[in-house]
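Inside the fold
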2 protein chains.
Amino acid sequence: MSTRKLKQPPSNEEFIPHLAYDSVIFGFNGKQLKILVLEYHNTGLFAIPGGFVKRNEDINDAVKRGLKERTGLSDIYLEQFHTFGSVSRSSAETMREILINNGYEVHNDHWLFDRFVSIAYYALINYEDVQPRPDELSDSINWYAIDDLPPLMMDHRAIVDKALENLRENLDKKLIGMNLLPAKFTMKDLQTVYEAILGEKLRRTTFQRKILAREILIRHEKLFTGGAHKAPYLYSFKDKNPIKGKKYA
Amino acid sequence: MSTRKLKQPPSNEEFIPHLAYDSVIFGFNGKQLKILVLEYHNTGLFAIPGGFVKRNEDINDAVKRGLKERTGLSDIYLEQFHTFGSVSRSSAETMREILINNGYEVHNDHWLFDRFVSIAYYALINYEDVQPRPDELSDSINWYAIDDLPPLMMDHRAIVDKALENLRENLDKKLIGMNLLPAKFTMKDLQTVYEAILGEKLRRTTFQRKILAREILIRHEKLFTGGAHKAPYLYSFKDKNPIKGKKYA
DNA sequence: TTCTTATTGTCTCAATTTGTTACAATAATA
DNA sequence: TATTATTGTAACAAATTGAGACAATAAGAA
């Protein structure tokens with residue numbers, strides 16, 4: 001019943017050789033910080049989403065293109081954080097395993113088996129409005145809690161760790177919460193995002209005071225959840241890009 | 001008298017195509033923060049030092065190799081800070097101008113005229129123990145004060161600006177001063193480095209108090225300069241890599 | 001209606017950190 | 001022995017952060 005596969009892998013003509021990108025896509029489900037991890041067909045190999053750069057394409061655009069394909073979202077918050085360039089990070093064996101198990105016909109000196117330098121980005125997206133789609137090579141793509149990841153292939157674990165490190169550093173400078181929460185949220189929601197990213201509990205009153213002191217939020221109506229207690233206000237972010245020097249955590 | 005040049009440019013066989021590095025090399029002359037800028041023969045083009053990555057070489061090693069060639073130093077403090085990947089940053093015309101004015105014979109589809117992605121690093125070196133050497137393509141290499149740079153070719157000015165931005169951010173986290181000063185220095189020396197990097201004056205007593213509170217310095221003998229005033233202590237850094245969370249500026 | 005409960009918004013006061021000024025302790029030199 | 005410029009530290013004020021207290025709810029239960 002099954003036909004012989006004759007698929008062609010990405011072409012050398014179209015893409016810059018030796019160059020790839022990888023993306024750590026963060027989402028927040030209301031409780032935990034998660035990232036998208038894909039699994040390749042019949043290999044048991046887990047990886048973060050990556051791709052190649054077209055010969056006449058900005059790297060930023062290549063990453064956006066990949067994210068669009070997998071999440072359906074455009075206008076995603078993206079941050080380039082490191083380029084991984086050791087020789088040892090590349091693994092021809094791993095690439096071969098992936099391609100073979102996807103039914104590709106590839107010769108031994110195919111460009112995908114070469115050494116690759118990877119430019120790594122992290123993305124922040126609103127968990128709720130995404131239905132992740134696996135790409136052609138992948139079996140599945142799923143959210144995994146940041147502290148419960150499957151073993152990742154090659155150096156992908158190191159990439160994720162470095163992404164998280166950078167995300168934590170940028171928590172001070174950029175408005176991280178804006179990209180991980182819906183437009184309106186409670187102060188507790190925001191605090192939970194901060195705690196999930198930092199991996200530690202914060203003091204409620206201090207957090208609230210500091211966030212409010214920054215004057216980056218607009219207060220809206222109250223949210224009545226049905227809980228037997230005072231209803232919290234809803235907030236939204238005032239500005240897209242204030243960049244203040246103040247700390248809030 | 002002069003012979004016809006028949007030099008060969010770097011070979012496509014040896015290097016990864018489309019991939020380069022650029023380095024912003026910071027030094028401190030006791031007063032100002034400076035960087036190394038080179039000028040290409042007969043072109044009036046100024047650039048920061050860069051190079052290519054061998055096919056079987058870690059990118060970090062490629063940068064170290066380039067730095068060693070130009071400064072004679074190994075064991076240089078290096079920090080990768082960004083990868084520049086827009087299509088528009090590359091300029092075949094500029095490359096052609098440089099190669100032609102160096103007497104190279106290159107065909108029109110030479111690999112150096114292709115689009116390049118550049119991984120950018122900054123380095124911190126001790127100004128005093130360096131005698132910069134121009135490379136084969138360059139006329140000269142000289143120190144320029146960070147606020148008095150010549151016009152730089154292509155996007156090199158943006159690379160320098162981003163390097164400085166990153167250096168300022170890392171002033172908190174890493175022991176920047178260690179790499180820009182001699183082994184022993186006065187508190188005033190250290191403050192001057194901080195001021196040169198930040199581009200602003202700091203309050204003497206607060207600076208001294210905060211630095212001392214971090215307990216990263218060892219106090220040595222006094223330094224008698226011959227000035228008609230109290231002699232300052234000399235200090236050195238205690239540890240290579242403490243990484244404290246405290247701020248000191 | 002009136003309790004009870006959990007949560008929220010805000011206030012207060014203590015502890016810590018930072019900003020600012022003051023001042024004594026030098027190294028030369030006059 | 002004065003004079004001068006600079007350095008190391010102390011002292012106090014101002015600002016920020018930590019830690020608790022507490023009144024104001026929004027339900028549901030009594």
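Each chain carries its own residue numbering, running from 1 in the written order of its sequence. Each chain is given a letter, starting from A, and each ligand a number, starting from 1, according to the order in which they appear as written. Only residues with pLDDT of at least 70 get local features here, since the model is predicted, and only at 80 or more are side-chain atom pairs given and counted; chain-wide, interface and lining totals rely on the full set of residues. Side-chain metrics in this entry use all non-hydrogen atoms of the structure; hydrogen atoms and water are not considered.

With respect to the overall build of chain A
A tally of helices and strands in chain A yields six helices and nine strands. In terms of principal-axis extent, the alpha carbons of chain A reach across some 65 × 40 × 30 Å. Across the 249 residues in chain A, those meeting the buried criterion constitute 50%. Note on areas: Shrake-Rupley with a 1.4 Å probe; residue coverage comes only from the protein chains shown. Carbon and sulfur atoms make up 48% of the accessible area of chain A, which amounts to about 12600 Å² in all. His is not counted here, nor are the chain ends, while Lys and Arg score as positive and Asp and Glu score as negative. To locate a charge, take atom NZ for lysine, CZ for arginine, CG for aspartate or CD for glutamate. Counting 36 positive and 33 negative side-chain charges, chain A places the averaged centre of each group 10 Å from the other. Strands here mean DSSP runs of E at least two residues long; helices mean DSSP runs of H or I at least four residues long; both are numbered from the N terminus. Here the term buried applies to any residue with accessible area under 20% of the maximum for its type, exposed to any over 50%, and partly exposed to those in between, with areas from a 1.4 Å probe on protein chains only.

Structural notes on the interface of chain A and chain B
Each partner contributes residues to the interface: chain A has 24 residues there, and chain B has 24 residues. By buried area we mean the combined loss of accessible area, with a 1.4 Å probe, across both parts when two parts are placed together. When the buried surface of chain A facing chain B is broken down by residue, His 18, Gln 80 and Arg 115 of chain A rank first, second and third, together holding 25% of it. We define a salt bridge as a contact between a side-chain nitrogen of Lys or Arg and a carboxyl oxygen of Asp or Glu at a distance within 4 Å. Our count for the contact surface shared by chain A and chain B stands at two salt bridges. Each polar contact in these results corresponds to two N or O atoms within 3.5 Å; when the atoms are within protein, one needs to be able to donate a hydrogen and the other to accept it, and residues that are neighboring in sequence are counted only if both atoms are side-chain atoms. In this assembly, chain A and chain B are joined by 13 residue pairs in polar contact (both at pLDDT 80 or more). Elements represented by at least two residues in the side of chain A that touches chain B include exactly β1 (15-28), β4 (50-54), β5 (77-84) and β6 (117-124) of chain A. It is β1 of chain A that contributes the most residues to the side of chain A that touches chain B, four residues altogether. Whether two residues touch is decided by their heavy atoms; if any such pair falls within 4.5 Å, the residues are in contact.

As for the domain arrangement of chain A
Accessible area lost when the parts come together is the quantity often used to give the size of an interface. Residue and element names in this part refer to chain A. Examined at the domain level, chain A breaks down into domain 1 (15-170) and domain 2 (176-237). Domain start and end points were adopted from an automatic or database domain assignment. The gap between the C-alpha centroids of domain 1 and domain 2 is 31 Å. In this assembly, 15 residues from domain 1 lie in contact with twelve residues from domain 2. Counting the surface domain 1 buries against domain 2, the share from its top three residues, Phe 28, Leu 124 and Arg 168, is 45%.

A few points about the relation of the copies chain A and chain B
A least-squares superposition brings the copies together, and it is based on the C-alpha atoms of residues with pLDDT no lower than 70 in both. Note on the copies: chain A fits chain B at an RMSD of 0.1 Å, the axial shift is 0.0 Å, and the rotation between them is 180°. Overall, the copies show the geometry of a two-fold rotation axis. Of the interface residues in chain A, 100% have counterparts in chain B that sit at the interface too, so the contact is made through matching surfaces.

Overview of the protein's contact with DNA strand C
Close to DNA strand C lie 25 residues; His 229 of chain A together with Thr 206, Arg 209, Lys 222 and Lys 230 of chain B are nearest. Within 4 Å of the protein, the contacting atoms of DNA strand C are 50% sugar and phosphate, with bases supplying the remainder. Between a phosphate oxygen of DNA strand C and a main-chain N or O atom of Tyr 233 of chain A, the distance comes to 2.8 Å. Contacts to DNA strand C include Thr 205 of chain B, whose side-chain N or O atom sits 3.4 Å from a base oxygen. Of all elements in the fold, only α6 (204-214) of chain A together with α6 (204-213) of chain B reach the threshold of two or more residues within the surface near DNA strand C. When residues in the surface near DNA strand C are grouped by element, the largest group, five residues, is from α6 of chain A. For the surface near DNA strand C, the residue count by class is seven nonpolar, eight polar and ten charged. Here a residue is near a molecule or strand as soon as one of its heavy atoms is found within 4 Å of it. We call Asp, Glu, Lys and Arg charged. Ala, Val, Leu, Ile, Met, Phe, Trp, Tyr, Cys and Pro are nonpolar, and the rest, Gly among them, are polar.

Structural notes on helix α2 (residues 92-100) of chain B
All names here are of chain B. Those residues of α2 lying buried are Thr 94, Met 95, Ile 98 and Leu 99. Buried residues of α2 fall within an arc of 130° about the axis and therefore sit on the same side. Turned more than 90 degrees away from the buried face of α2 sit Glu 93 and Ile 100, all of them exposed. Structurally, α2 contributes buried residues whose contacts are with β2 (33-40). By arc we mean the arc of the directions from the helix axis to the C-beta atoms, nothing more.

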